[in-house]
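Residue strings, one per chain:
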Amino acid sequence: MPAGVVDVHTHVVPKGWPDLGAACGGSGWPWLRVDSERAAMIMVGESEFRPVGAECWDAASRLADMDADGVDVQVVSPTPVFFSYDRPADQAVKVARIFNDLTLEVTAAGGDRLVPFCQVPLQDPDAACAELDRCLAAGHVGVEIGNHVGDRDLDDAGVVTFLQHCAEAGAPVFVHPWDMPGGPRLDRWMARWLTGMPAETHLSVLAMILGGVFDRVPETLRICFAHGGGSFPFWLGRADNAWHRRGDLVRGASAAPPSSYVDRFSVDSVVFAPPALRLLVDTMGEDRVLVGSDYPYPLGERPAGAVVHAADFLTPDQRHKLLATNALRFLHG
């Protein structure tokens, strides 16, 4: 369908799933404590992780919010707590299949307005490629991945193998930060989300550049980083300066300065303030910024695209690119 606003960054939580210990093996899996017809709590063991509402699992609620916010299409991706990259690959394969199939059930009621993205067992490249292929055949359009697997970043050989497969399959990749470091200085004020998430994304963009990933994967790879690319756009000049002045330590496997690669990836627009969006467009270019909201979570933007509509420096053509055209190219090439 023609789209006026396409939101590439939203999440899903099914209302129920099998007992993951019984279905996948292992212990300590997330489970859902259902508190009412429209409210639940994601639990990890006996600890409360995040409250969620019906908009996470009910297509009608989601579509009503989209109508109220003027959003035509949403990309619906997993919630990162379910990635399971720290588990044995066979368990991660099983949990990915469970949640990917449930995501299709949630999005089916939305027709072409809800675009499903799958998750994969990224710790095992062969299994990740196989699950992506299964999901693409079943109706998923792309894949969401976390920005790292333990201590391995996106320049890890196995991750690069998966990204090359995504390029060959024509599957868009959405990169979401997750599993941020904690500690006394970060475990207050949601500091892991306010500082850790931007830093995690910044590090992973650098890993793809300085690790030589963009020099190895085809230019057909369509990849987008959440949250405006984290702190990377603000510090691109610092990275270029370091690449030129301390190339002995910084250049890594990259063939060119970091700024040479900004046309190889996209970022979403969840930066909330027009001055930040201006920096983002100036740094990344008007063709590389896509509306994202982080719906339905409370640190997201409502309505999606509000900062784009509020940015008086954008021309009508630029605004349309950010609201829809860029996202459609990301999704469909």
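See above for the structure.
Residues numbered from 1 in each chain as written. Predicted model: local features only at pLDDT ≥ 70, side-chain atom pairs only at ≥ 80, totals over all residues. Heavy atoms only, no water.

### Focus: the environment of Phe-225
Line of reasoning, step 1. For Phe-225, the position within the fold is in strand β9 (residues 223–225).
Line of reasoning, step 2. Overall, Phe-225 belongs to the buried group, its relative accessible area being 0%.
Line of reasoning, step 3. Leaving out residues up to four positions away in the same chain, Phe-225 has contacts with Leu-154, Phe-174, Val-175, Thr-201, Ser-204, Val-205, Met-208, Phe-265, Ser-266, Val-267 and Asp-268. (Helix = DSSP H or I, 4+ residues; strand = E, 2+ residues; numbered from the N terminus. Buried < 20%, exposed > 50% of the residue type's maximum accessible area, 1.4 Å probe, protein only. Contact = heavy atoms within 4.5 Å.)

### Digging into the packing of helix α3 (residues 89–108) against helix α4 (residues 125–138)
Line of reasoning, step 1. At a minimum axis distance of 11 Å, the contact between α3 and α4 shows a crossing angle of 20°. Considered as vectors, α3 and α4 are oriented roughly parallel to each other. In the crossing of α3 with α4, the sense of the turn from one axis to the other is right-handed. Facing Val-93, Ala-96, Arg-97, Asn-100, Asp-101 and Leu-104 of α3, the residues of α4 in contact are Ala-127, Glu-131, Arg-134, Cys-135 and Ala-138.
Line of reasoning, step 2. Among the residues forming the contact of α3 with α4, the class breakdown is six nonpolar, one polar and four charged. (Axes fitted to C-alpha atoms, helices over the stretch in contact; angles between N-to-C directions. Parallel < 35°, antiparallel > 145°, perpendicular 65-115°, else oblique. Left-handed = near helix turned anticlockwise from the far one by under 90°. Nonpolar A, V, L, I, M, F, W, Y, C, P; charged D, E, K, R; others polar.)

### Brief notes about the sheet that holds strand β2 (residues 30–36)
The pairing of strands in a sheet comes from backbone hydrogen bonds and takes either a parallel or an antiparallel form.
Line of reasoning, step 1. Ordered by their spatial adjacency, three strands build an open sheet running β2-β3-β4, and the pairing between neighbours is antiparallel. Since the sheet does not close on itself, it has two edges, and those belong to β2 and β4 (47–53), each with one partner. Neighbour-to-neighbour, the strand axes of the sheet open up by a mean angle of 25°, direction not taken into account.
Line of reasoning, step 2. Where β2 and strand β3 (residues 39–44) come together, six bridges link them in antiparallel fashion. (Pairing = 2+ DSSP bridges.)

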